[in-house]
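Each chain, written out:
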Amino acid sequence: MMFTDQAAKLRMIQSYNKMEQESLMSENTALNTTKQDRVNSTPKKTRVIAVTSGKGGVGKTTFSVNFSITLSKFGKKVIILDGDLGLANINVLLGIIPEYNIYEVLRGKKRIQDIIVSTHFGIDFIAGANGISQLANLSDSQRENFLKDLESLNGYDFMIIDTGAGVGQNVLGFLKPADEIIVITAPEPTAIADAYGMIKSIVANKYEKSIRLIVNEVENAMQAKRVADRIIHLSAQFLSVEIDNLGFIYKEDLVQRSILTQRPFVIAYPNAKSSSCIMHIAKRILNLKEEQETGSGVSGFFDKLFQIFQNT
Ligand SMILES: Nc1ncnc2c1ncn2[C@@H]1O[C@H](COP(=O)(O)OP(=O)(O)OP(=O)(O)O)[C@@H](O)[C@H]1O
Ligand SMILES: [Mg+2]
């Protein structure tokens, strides 16, 4: 349950408004931090979070984009990777047209810095879609160059990967090397069953780090709780895995509208209920202290990904 009482809700809205004002005031400094600043900051362990779902169309891309922007409003450096090997659509939500993707870097035609796209919303973006499967075909020296190039990305606090839906090897491959996995579901029974199926596959794939859950497109907090409880209970009982309930997001028309206008809803409608929900989720992620020092870094992630693709 997100708000226990009206006062807490008001405090949340006030704190969000304050944050929005501060972020607007510092927009020119914070949001205009250049790509180079973000890329070259002190090396740190980037937290790599993969966003996935069992059923398609439950809101992974919408969440990934709005969540990344919200983390950046908290002063975090965030890069979002389109890991969907099917339709790539983060760029549509952000209104940008990437010229290159990771494929050109793998082929040695571009440096990683050349393919990062800075957005107006404080986050950077890499189109990965059509390139990643080429990882398996690299020679040792190409691979080493690629991983070395990626070390320049270690200045990011977070890399958020928007994966495709379903339990295919491509998707599971992306999940395995991530530091955390967020599974998104909608309240429909089919989506719940598929979310459980996805968790089952993740566990079967010997994933040992945190699996978190978000219920999207809910009518109210009670519905969110019912759905989350069901998935958490099933996972505990049949898979012996503890799922962390990260929160929920309301079903609101403005989410669709913000896609049409290509202005993510946390920017276009900062006071909307769904924006508060995303802020609540971002705060939870930032407060999970045990996870803060355990990121594997961007190059660490790709190194593991490389091994996975090579072995399949
Ligand atoms: N909270 C919400 N309220 C209303 N509509 C929503 C919400 N979240 C997502 N949607 C809508 O649902 C549709 C699917 O969303 P999105 O593309 O983010 O899903 P996806 O899981 O990334 O899909 P795919 O599996 O095809 O990659 C979009 O039209 C989006 O506007
Ligand atoms: Mg998507």
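What counts, and at which threshold
- Residues numbered from 1 in each chain as written.
- Chains lettered and ligands numbered in written order.
- Predicted model: local features only at pLDDT ≥ 70, side-chain atom pairs only at ≥ 80, totals over all residues.
- Pairing = 2+ DSSP bridges.
- Helix = DSSP H or I, 4+ residues; strand = E, 2+ residues; numbered from the N terminus.
- Contact = placed C-beta atoms within 7 Å.
- Axes fitted to C-alpha atoms, helices over the stretch in contact; angles between N-to-C directions.
- Core = buried A, V, L, I, M, F, W, Y, C linked by C-beta atoms within 7 Å.
- Buried ≥ 20, exposed ≤ 12 C-beta atoms within 10 Å, placed from the backbone.
- Near = placed C-beta within 6 Å.
- Nonpolar A, V, L, I, M, F, W, Y, C, P; charged D, E, K, R; others polar.
- Right-handed = clockwise from strand over helix to strand, strands pointing away.

Please give an account of the sheet that holds strand β3 (residues 117–118) that cites residues and values.
Strand pairing in a sheet relies on backbone hydrogen bonds. The paired strands run either parallel or antiparallel. The strand order β3-β4-β2-β5-β1-β6-β7-β8 describes an open sheet built from eight strands, whose pairing is mixed. At either margin of the open sheet sits one strand with a lone partner, and together these are β3 and β8 (243–250). Relative to strand β7 (residues 210–218), strand β6 (residues 180–185) runs parallel, the two being bridged by six bridges. Residue I182 lies in a different strand from β7, and its bridge partner there is R212. Together, β7 and β8 form the strand contacts of helix α14 (residues 273–287), whose direction differs from that of β8 by roughly 160°.

Give me the nonpolar core: which residues, what numbers.
If you look at the biggest cluster of nonpolar residues, it comprises 79 residues, and the most contacted ones within it are M159 and I214. With seven residues, helix α10 (residues 189–204) is the largest single contributor of residues to this core. I214 has contacts with F63, I182, I184, L246, G247, F248, I249 and I281, leaving out every residue within four places of it along the chain.

Just give me the short version of the environment of D157, but keep the residues and values in it.
Tracing the backbone through its elements, the reader meets D157 in the loop between α8 (140–150) and β5 (158–165). Separated by 79 residues in the primary sequence, D157 and V78 place their C-alpha atoms 6.0 Å from one another. With residues up to four places along the chain from it excluded, the contact list for D157 reads T46, R47, K76, K77 and V78.

Which residues make up the environment of K273, and what are the values?
With respect to the helices and strands, K273 occurs in helix α14. You can call K273 partly exposed: it has 16 C-beta atoms within 10 Å. Separated by 24 residues in sequence, K273 and I249 have C-alpha atoms that sit 8.0 Å apart. For K273, the residues in contact, after removing those within four places along its chain, are Y250 and E252.

Lay out the pairing of strand β4 (residues 124–127) in plain terms, naming residues and giving numbers.
On β4, burial covers both faces: D124 and I126 on one face and F125 and A127 on the other are all buried. Relative to β4, strand β2 (residues 78–82) runs parallel, the two sharing four bridges. Counted as the bridge partner of D82 is A127 from β4. Looking at chain direction, β3 and β4 are connected through two bridges and run antiparallel.

Report on the site of ligand 1, specifying residues and quantitative values.
Around ligand 1, the surrounding shell holds 19 residues, and the nearest of these are G56, G59, K60, T61 and T62. Every element with two or more residues in the shell around ligand 1 is listed here: α4 (60–73), β7 and α12 (253–260). Looking at side-chain class alone, the shell around ligand 1 contains five nonpolar, nine polar and five charged residues.

Which residues make up the pairing of β7, and what are the values?
Along a regular strand, successive side chains alternate from one face of the sheet to the other. Most of β7 sits out of view: eight of its nine residues are buried. Note on the crossover from β6 through α10 to β7: the handedness is right-handed. Across six bridges, β7 lies against β8 in parallel orientation. Its bridge partner lying in β8, R212 is registered against D244. For the handedness criterion, the β-α-β arrangement of β7, helix α11 (residues 221–239) and β8 is classed as right-handed.

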